[in-house]
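Coordinate inspection notes
Spelled out from the first residue to the last, the chains are:
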Amino acid sequence: MIGLVVWLIPMANESGEGPFMIHKVLVYVAVFVFALGLVHRVSTWFRVSIGESAGRIPTGTRVAAAVRGIWGSFFSADLRVMAKTFLLDVVLQLRLLGQDRLRWAMHMCLFGPFLALLLMHALGRFTTAAVFPEYQSTLNPFLFLRNFFGVLVIVGVGLALLRRFLHRGTRPRSSAADGYALGILAAIFLSGFLLEATSITSISAFDDMVETYTMQADEEEIASLEAYWVSEFGLVSLRVRGPFAPDTLSRGRSAHELQCMQCHSSPRWAFASYTGSRLFKPFAAGLGDASTRDILWNLHFFCALLGLAYLPFSKMFHIFASPLSLLANAVMEKGKSDPANIATRQIMELDACTHCGACTERCSVAVALEEIPNVHILPSEKIAAIKAFVVGRKLSVSQIRTLQQGMHLCTNCGRCTEVCPVGINLADLWVDVREALLEKSVPEFLLLSPFAVRRGLTSDNPDDDRYKRPLDLAMRAILQEGEPDLLKDRSISLEPGSAHWLARLNGSLRSNNYSECYRCMTCSNSCPVVRNYPNPAEVLGLLPHQIMHSLGLNLRELILGSRMLWSCLGCYQCQENCPQCVRVADILFELKNLAIARAHERLASDAKERP
Amino acid sequence: MKIALLRCCTTSTALKYFELSTNAVLGALGVEFIDVKEFNCCGYPLKNYNLKAYLHASARNLALAEQRSLDLLTMCNCCYGSLKRAQHLFSEDSTMKNEIRESLDREGLDYSGRIEARHFLQVVHDSIGIEAVGKQVVRVFKGFRLAVHYGCHILRPREIVRFDSPFAPTKFDKLVELTGAESVPWAARLECCGSPMMGVNDELSIDLTKTKISSAKAAGADAICVACPYCEYQFQKVRKLVVAGSDPSSAPPSILFAQLLGLSLGIEEERLGMRPGQFPSGG
C-alpha cells in the first residue's frame, strides 16, 4: 500500500497537462485521501470482529497471523490453488459466468478495460511510456485502444444500469452507493469522449499545434495542411471550405507526413470520439474553442481524481477486497485455518461485497419479504447493516430488532455462499452475526420456530448461558408477565378478550371450529408432549383440550400465556385423533402467530415510549 | 416420467448424502428430474411465525412448477406437508388465497391446481409401483430388522396430505420390505421425531427422540429407517448426544430409505453418499 502511494506521487509531480499549480495540489489531495482511505479500510479488517470468541483475539495477533499465513501460503501447495483461483475466478470470473451471462458480460466490460485504461492511459506517462519510448496518446495502437476500452466500459455501465432497471422493484435493491459508483464512472468516461471529440473538430487546437510544432512552414503549406485535416480528419474550419483541389490535398498530405504524422494517427481510429465529433460538427466553432476544451479537460481530470479519492470509501473498493476474498477462501477453511485469520477474513469479506444481488436472487427465504416487510431478509441488504453493526455504530433497539429478524429468517441452505461471485462465506457470516446480535438481549421470536433447529443441533454447549439466555428472553417476552394466574393460585381470571381478537382467529379458514370441542381430552391424551411429562399442566400451562375450551370462553390472556403453544410440535396427532374433527393443531398454529404478532406490537410500542 | 425437484434447505448443506442418494435412486428408477433455480424454501419454518408467509412460499413453488407443467417432487416430509397445505388453500376460496395470488401475479405466476406436490415415497410407491421397483432389486437385506419411521407430515392431516392411512399406514413398510429387510412393529412408530422443538426446547426435543430410539430398540430393530431430512438430522445428532461416550449398540442408528433402496437396486455406495460398510448388518 505504501508502495502504491510512492508510486502514485510522481504522477502528481509530472501530471503535465494541467497547467496550474492547483492541479498538482489536487492530485496530491486525491492521492492522500485515497491512501488514507485504503489504510482505514484495511486496518478495519484487523481491528474489528464478529462474535465473542473472535473479539478476544488482539489486533497484533491477527496482523501477525495474517503475515504468517500469507508468507506460508507462498511456500506450499496453496500457491498453486491460489494461482488457479486467480486465473479462473478473478481474471476470467468463471463463478459469475456459470450463473448469469449478462452480469458476466457487464463485469468483463467494466473490469478488464477499466484496468487497461488506468494503466495505459491514466498512468500512461509512467507505464506505457516506460515500455514504448515513442508513446503518444494520439498514436496507434493507443489511440484506437483507448476508444475501444472506453466503449467497453460505457457498454458495461449501460448493462449495469439496464440490469438495475430491469430488476427495479424486485428483489435486488439498488442503493445510493451503487448510483454514486456508476455515476462517477460514467462521468469520467463521457467527459473523456467529449473532450476527444471536441478536440478532433477544434480549429483552436489545430492552431495551437501548428504554432508549437510546425517549423519552416509557409502560409500556403499550412492552409493546405488545414484543408487536408478538414477533408480527412474531421477538423472543422471556417477559414477553408471544400471541395478542395486534389493538389491542395496532396500538398497538405505531404505537410502532414512531414510535420504531424510522428505524433498523430488518423483521428478516425478514435472511432467513438470521431463518430461523436460528427454529431457536434454544426456546433464545432463554439465547442472547439480553447476554453470549452479546458472545461472538459478539467471535468475529466477532476472526475478521475474524485473517483480515485472516493474509491476506498465506495463499493469500488471491492477491486482490492474481492480478489483477496476469493484467494483467501480458496485456501482457508474454518476449523483448519488459524482462527485469527478466519476472523480477519470475515471482516475483509464485508468489503469484498459488490452488492451485486446474486445472493438475494437465489435466497431461499427471500419470498418471505412479500409478507414480512423487512429488507434485511435479503442477504445483499444485510451486509450494509452488518458493516454498521460490526464497526460499533450505535444501533437503536428497533434497528437491532429489524436486522435480527432478517438474520434469523434464514434456513441455512447455503445457496448464497454457493453463488457469491466473490466467494464470501455468507452462511458462516449469518451464523456469527446472529449470535453476536443475540448478545444485545433483544428478544427474537424466530428462535421459537424451526428456524432454530440448526442452532440447537450445532451448539457446542447447550447448557451454556450464551445459548440458553436468548431462548429464555424470547419465551419471557412472549408469555408477557410470566405465568398466567391459573398456575399461581389455581384460579382463572374470567376476563374475556376483545371480540376483535376472536374475529382474527375466526377469519382463518381452518381455525373456526373450536366450538365443536366437547372436552373429551383425546387431543391432550394423544399429544406426545403432554405424555412426556408426569405432571404436564405444571410445565405446559393449558393443555390442548383446555385451550380449545378457553377459546370458546374467549379467555385470551390465559390462552396466549400458555407454554403449551411453544412446546407444540405441530405433529397433528391431536387433530387427527379428535372425534369432533376440531382442527386442534391448525388452531394452535394460528394462536402462535397471534401471540408473536402481539408480542411484536408490544415491543414496538415499548420502544416508542422510551426511544 | 419427468418432474421438478424441490431441494430441501436442510439437505443442501447439512445432509448432502440425502440429496445424492435420492438423485441416484430416481435416476435408477427412470425418473427424470429438473432443478428449478427459482424454487424457494417451502415455508415450513415460518409456520409458527406467519402462516401467510408460510403458505405464500409453498404456493410460489407450486406456481413455478405449474409454469413448467411439471409435478413437484420433494424428498422432505415438512416440505411435502407445506406444499400440500398450500395446494389445499388454493382449492378453496379465501381472502388469503386471493391476496397470495395477487402477489404471485406480480411475478407473472399463478397456481391453478393443474400440477401437484408429490413425496419421494409417493412417487416410488404410487407412480412407479411396488412391482416395477421390485423387479429392479438386485441385492436383499435378509435379516435386517428396521423400525420404519413415517414422520408426521406425510400422514397428517390426512385430508390434506393424502398419502396413506394416518393410523395404520403400510406403504412405507412395503417399500422397506422390497429390499428384503423386515419392518418390525414398534410402539412409537407414528410419533414425531422431536425435531420441531430442537433449538426451542432442547430437553423436550431430546426426550422425544430418546423415546423413539428406545422404542425401536425395545422392538429389536437394527436401525430406524427414515425418509425426511429433519428426522434424519434429528436422529443422527441426538444419537450422537445420547450415546456419546457410551455403547453405540444401545441406540439403533437411523438410516435413509433412499440409501437402503439404492443399495438394493445395485447402486454403488459412493453414489449414495455412503462410507463402505456403513450399514450395521445385512447385505
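About the criteria used
- Residues numbered from 1 in each chain as written.
- Chains lettered and ligands numbered in written order.
- Predicted model: local features only at pLDDT ≥ 70, side-chain atom pairs only at ≥ 80, totals over all residues.
- Helix = DSSP H or I, 4+ residues; strand = E, 2+ residues; numbered from the N terminus.
- Rg over C-alpha atoms; globule rule 2.2 N^0.38 Å.
- Buried ≥ 20, exposed ≤ 12 C-beta atoms within 10 Å, placed from the backbone.
- Contact = placed C-beta atoms within 7 Å.
- Nonpolar A, V, L, I, M, F, W, Y, C, P; charged D, E, K, R; others polar.
- Domains from an automatic or database assignment.
- Pairing = 2+ DSSP bridges.
- Axes fitted to C-alpha atoms, helices over the stretch in contact; angles between N-to-C directions.

**As for the overall build of chain A**
Counting its secondary structure elements, chain A contains 34 helices and zero strands. Relative to the globule expectation of 25 Å for 611 residues, the C-alpha radius of gyration of chain A, 34 Å, shows a markedly less compact shape. Once the C-alpha set of chain A is aligned to its principal axes, its extents read approximately 115 × 55 × 45 Å. Considering chain A as a whole, with its 611 residues, one finds that 43% of them fall into the buried category. Taking contacts inside chain A between residues at least 6 apart in sequence as the whole, the part at least 24 apart equals 74%.

**Focus: the overall build of chain B**
From N to C terminus, chain B includes eleven helices and eight strands. Since a compact globule built from 283 residues should have a radius of gyration of about 19 Å, the 19 Å found for chain B is in line with a globular shape. Principal-axis analysis of the C-alpha atoms places the extent of chain B at approximately 55 × 45 × 35 Å. The buried share of chain B, taken over its 283 residues, is 57%. Across chain B, contacts joining residues at least 24 apart in sequence account for 78% of those joining residues at least 6 apart.

**Quick look at the interface of chain A and chain B**
Bring the parts together and some accessible area is lost; that lost area is often taken as the interface size. Residue-level contacts link 44 residues of chain A with 41 residues of chain B. Residue assignment for the side of chain A that touches chain B shows that the elements contributing at least two residues are α24 (453–458), α29 (528–531), α33 (573–577) and α34 (584–609) of chain A. Here the side of chain A that touches chain B gets five residues from one element, more than from any other, and that element is α34(A). Class assignment for the residues of the side of chain A that touches chain B results in 26 nonpolar, eleven polar and seven charged.

**Some details on the domain arrangement of chain B**
All names here are of chain B. Taken domain by domain, chain B consists of domain 1 (2–119) and domain 2 (139–272). When each unit is reduced to the centre of its C-alpha atoms, the spacing between domain 1 and domain 2 is 24 Å. Sorting the residues of the side of domain 1 that touches domain 2 by element identifies α1 (9–13), α2 (16–28) and α4 (77–91) as the ones contributing at least two each. Grouping the constituent residues of the side of domain 1 that touches domain 2 by class yields eleven nonpolar, eight polar and two charged.

**Brief notes about the sheet that holds strand β7 (residues 223–226) of chain B**
Residues and elements named next belong to chain B. In space, the four strands of this open sheet follow the order β6-β5-β7-β8, with parallel pairing throughout. Each edge of the open sheet is held by one strand with a lone partner, namely β6 (182–183) and β8 (254–256). Here β7 pairs with β8 via three bridges, running parallel. Counterpart to valine 226 in the pairing with β8 is leucine 256. Relative to the sheet, helix α8 (residues 171–178) contacts β5 (145–148), β6 and β7, its axis offset from that of β5 by approximately 155°.

**Regarding the sheet that holds strand β1 (residues 2–6) of chain B**
All names here are of chain B. Spatially, the four strands line up as an open sheet ordered β2-β1-β3-β4, and their pairing is parallel. Lying at the two open borders of the sheet, with one neighbouring strand each, are β2 (32–35) and β4 (117–119). Taken pair by pair, the neighbouring strands of this sheet meet at an average axis angle of 40°, ignoring direction. One ladder, built from four bridges, connects β1 with β2; its direction is parallel. Among the inter-strand pairings, leucine 5 is bridged to a residue of β2, identified as aspartate 35. Running over the sheet, α4 touches β1, β3 (72–74) and β4 and is turned about 155° from β4.

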